[in-house]
Amino acid sequence: QVQLVESGGGLVQTGGSLRLSCTASGGFFVVNDMGWYRQAPGKQREVVARITSDGRENYDDSVKGRFTISRDNAKNTVYLQMNSLKPEDTAVYYCQAKIFRVVIRRTDDYWGQGTQVTVSS
């Protein structure tokens, strides 16, 4: 059973930094596009950043210049380096990946369990 496991959330002051990690594991699979999303209380889940299998990055305007997405294909892991954090970045952050399962030859979207990021003012 393929799963995504996240780590790295926490409480930080305005202007601080955090690094999120998300690793895919379980079975025989190939990880394609990966991304980070977030959901603040009372709001819909929104995309933060995405990265293709060959490393092309895309960011929401609200995080450009502050956040950096990267991946280590050998470890099936995606990272989100968050700098210059603001209170409005407070949310639960979810990683997402399009994963091709070799045995059943099918691609599905997988989500992590979410990790809380809180930025105090």
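The paragraphs below set out a description of the structure included in this document. Nothing here was measured: the structure is a model prediction, and the numbers come from that model. (Residues numbered from 1 in each chain as written. Predicted model: local features only at pLDDT ≥ 70, side-chain atom pairs only at ≥ 80, totals over all residues. Heavy atoms only, no water.)

## Some details on the overall build of the chain
Quick note on the threshold: Counting from the N terminus, the helices are DSSP H or I runs at least four residues long and the strands are E runs at least two residues long. As defined in this context, the radius of gyration uses C-alpha atoms, and a globule is described by 2.2 Å times the residue total to the power 0.38. Per-residue accessibility, obtained with a 1.4 Å probe over protein chains only, is compared with the maximum for each type, and a residue is labelled buried under 20%, exposed over 50%, and partly exposed between these values. In this description, contact between two residues means that some pair of their heavy atoms is separated by no more than 4.5 Å. With residues, only the protein chains shown are counted as cover, and all accessible areas are computed by Shrake-Rupley using a 1.4 Å probe. Note on charges: Lys and Arg go in the positive column, Asp and Glu in the negative column, and His and the chain ends are not counted at all. All charge positions are set by atom: Lys at NZ, Arg at CZ, Asp at CG, Glu at CD.
Regarding its fold elements, the chain presents zero helices and 11 strands. Expected size for 121 residues packed as a compact globule is a radius of gyration near 14 Å; at 14 Å, the chain falls within 12% of this value. Projecting the C-alpha coordinates of the chain onto the three principal axes gives extents of approximately 50 × 25 × 25 Å. Each of the 121 residues in the chain was classed as buried or not, and the buried ones make up 40%. When contacts within the chain are restricted to residue pairs at least 6 apart in sequence, long-range pairs at least 24 apart make up 56% of them. On the chain, roughly 6,600 Å² of surface is accessible, and the fraction owed to carbon and sulfur atoms is 47%. The centroid of the 15 positive side-chain charges in the chain is displaced by 3 Å from the centroid of its 12 negative side-chain charges.

## Some points on the sheet that holds strand E3 (residues 18–25)
By definition, the strands of a sheet pair up through backbone hydrogen bonds, in either a parallel or an antiparallel sense. Stated precisely, the cut-off is as follows: In this analysis, strands are considered paired if DSSP registers two or more bridges between them. Each axis is a line fitted through C-alpha atoms, taken for helices only over the stretch in contact, and angles between the N-to-C directions span 0 to 180 degrees.
Read from one edge of the open sheet, four strands run E1-E3-E8-E7, paired in antiparallel fashion. Two strands in the sheet have a free side with no partner beyond their single neighbour: strand E1 (3–7) and strand E7 (67–72). Between one strand axis and the next, the sheet turns by 15° as a mean value, whatever way the strands run. Here six bridges tie E3 to strand E8 (residues 77–82), and the two strands are oriented antiparallel to one another. Paired with Ser21 across the bridge in E8 is Tyr79.

## Looking at the packing of aromatic side chains
In plain terms, the rule: Pairing of aromatic rings covers Phe, Tyr and Trp, the last through its six-membered ring, and needs centres within 6.5 Å; plane angles under 30 degrees mean stacked, over 60 mean edge-to-face, and all others mean tilted. Placement of a charge over a ring requires the Lys NZ or Arg CZ to be within 6 Å of the ring centre, with the centre-to-atom vector within 35 degrees of the ring normal.
Under the criterion given, the structure shown has one aromatic pair. The aromatic ring of Tyr94 is capped on one face by Arg45, whose charged end is 3.7 Å from the ring centroid.

## Some words on the pattern of salt bridges
Stated precisely, the cut-off is as follows: What makes a salt bridge here is a side-chain nitrogen of Lys or Arg within 4 Å of a carboxyl oxygen of Asp or Glu, nothing more.
What the rule picks out here adds up to eight salt bridges. In this structure, Asp61 engages Lys64 in a salt bridge whose closest nitrogen and oxygen atoms are separated by 3.1 Å. The class of Asp61 is exposed, set by a relative accessible area of 61%. In this structure, Lys98 and Asp109 form a salt bridge, with 2.9 Å as the shortest nitrogen-oxygen distance.

## Observations concerning the side chain of Ser21
Among the structural elements, Ser21 can be located in strand E3. Residue classification places Ser21 among the buried residues on the basis of a relative accessible area of 17%. Residues within four places of Ser21 in sequence aside, it is in contact with Val5, Glu6, Ser7, Trp36, Val78 and Tyr79.

## A closer look at the nonpolar core
We apply this condition: Note on terminology: a nonpolar core comprises buried Ala, Val, Leu, Ile, Met, Phe, Trp, Tyr and Cys residues joined through side-chain atoms within 4.5 Å.
Trp36, Leu80, Met82, Tyr93 and Ile99 are the most contacted members of the largest nonpolar core, which totals 31 residues. For this core, the elements supplying multiple residues, two or more each, are E3, strand E4 (29–39), strand E5 (46–51), E7, E8, strand E9 (91–101) and strand E11 (115–120). With five residues, E9 is the largest single contributor of residues to this core. Residues in contact with Tyr93, not counting those within four places in the same chain, are Glu6, Leu20, Trp36, Tyr37, Arg38, Val48, Phe67, Leu80, Met82, Gly114, Thr115 and Val117.

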